[in-house]
Amino acid sequence: MNIKIHDNQLREAAAKGMDEFFQVFIDAMRAQVGEELNAETMTQLTPEQITIWGYYILREEVMDGGFIQLIHNGYAPFFFQNPFAKAMRLWGLKDLCKLVYRAKDTYDALDDPSPLTAECSDEAFMALFEQYPMFDDMDDEFVEREEEFTAGICQYIDEHIDAFAEIIAD
């Protein structure tokens, strides 16, 4: 789908910083296809658009509750069984690619990952962090490097802007 963004809106966001620049694309996609990334909305987006929406989800989930939350909220298949990490490598974010692959390998090595995705109380969810400490270092690395990763995503978007949106002159 051809996501449309007004040039003045993009310029204003870019002047405020990379988070605002990135958010303009997420907001435009949500406004045009719906509020969540799912099978239906993915058919309306290009692979590049799906990838930045995926990064948005990754960033929100990991910054809020680490890879445990990302997995608990059902995103393991999207990140671990699809070419998201490969896309990060191709976009020049090699360290982010390696981090996602490490999380995938850690997840795949679990004898039984089902407790990570089972419905549970807040207390039981918090206990998952103690039960699965193997994700802690990856969580820390993402949090420490989030600005660097987001800057890399924004740089890629800026250098390939036509792959993400049609910029409408004002």
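Everything discussed here concerns the structure shown above.
**With respect to the packing of aromatic side chains**
So, step 1. Tallying each qualifying case throughout the model produces twelve aromatic pairs.
So, step 2. Pairing F125 with F129 gives two aromatic rings, centres 5.3 Å apart and planes at 85°, and the pair type is edge-to-face. One end of the pair, F125, and the other, F129, are both in helix 9 (residues 122–131), four residues apart, so they sit about a helical turn from each other. We note that F125, like F129, is buried.
So, step 3. Taken together, a centroid distance of 5.6 Å and an interplanar angle of 40° make the contact between F142 and F149 tilted. Taken as a pair, F142 and F149 share a single burial class, namely buried.

**Quick notes on the nonpolar core**
So, step 1. Of all hydrophobic cores here, the largest spans 59 residues; its most connected members are F25, L58, L96 and F135.
So, step 2. In terms of residue count, the dominant contributor to this core is helix 4 (residues 47–72) (twelve residues).
So, step 3. Excluding its chain neighbours within four sequence positions, the residues that come into contact with L96 are Y55, L58, M88, F142 and F149.

**Some remarks on helix 2 (residues 18–33)**
So, step 1. Between its terminal C-alpha atoms helix 2 stretches 23 Å, which fits the 22 Å expected from 16 residues at 1.5 Å a residue.
So, step 2. Of the residues making up helix 2, those classed as buried are F21, F22, V24, F25, I26, A28, M29 and V33.
So, step 3. Two residues or fewer after helix 2 comes G34, characterised by a positive phi angle close to 130°.

**Some points on the pattern of salt bridges**
So, step 1. By the definition in use, this model includes nine salt bridges.
So, step 2. A salt bridge links R11 to D7, with the shortest nitrogen-to-oxygen separation between them at 2.7 Å. Note that R11 and D7 are positioned in helix 1 (residues 7–16) at a spacing of four residues, about one turn of the helix.
So, step 3. Taking relative accessible area as the criterion, D7 reaches 22% and is therefore assigned partly exposed.
So, step 4. The partner of D108 in a salt bridge is K104, with the nearest N and O atoms 2.4 Å apart. Placement of the pair is D108 and K104 together in helix 7 (residues 94–109), with a separation of four residues, close to one helical turn.
So, step 5. You can call K104 partly exposed: its relative accessible area is 22%.
So, step 6. One salt-bridge network, in which partners are shared between bridges, spans D95, R102, E141, R145 and E148.

Rules behind the numbers
- Residues numbered from 1 in each chain as written.
- Predicted model: local features only at pLDDT ≥ 70, side-chain atom pairs only at ≥ 80, totals over all residues.
- Heavy atoms only, no water.
- Phe/Tyr/Trp six-rings, centres within 6.5 Å; stacked < 30°, edge-to-face > 60°.
- Helix = DSSP H or I, 4+ residues; strand = E, 2+ residues; numbered from the N terminus.
- Buried < 20%, exposed > 50% of the residue type's maximum accessible area, 1.4 Å probe, protein only.
- Core = buried A, V, L, I, M, F, W, Y, C linked by side-chain atoms within 4.5 Å.
- Contact = heavy atoms within 4.5 Å.
- Expected span 1.5 Å × (residues − 1).
- Salt bridge = Lys/Arg side-chain N within 4 Å of Asp/Glu carboxyl O.

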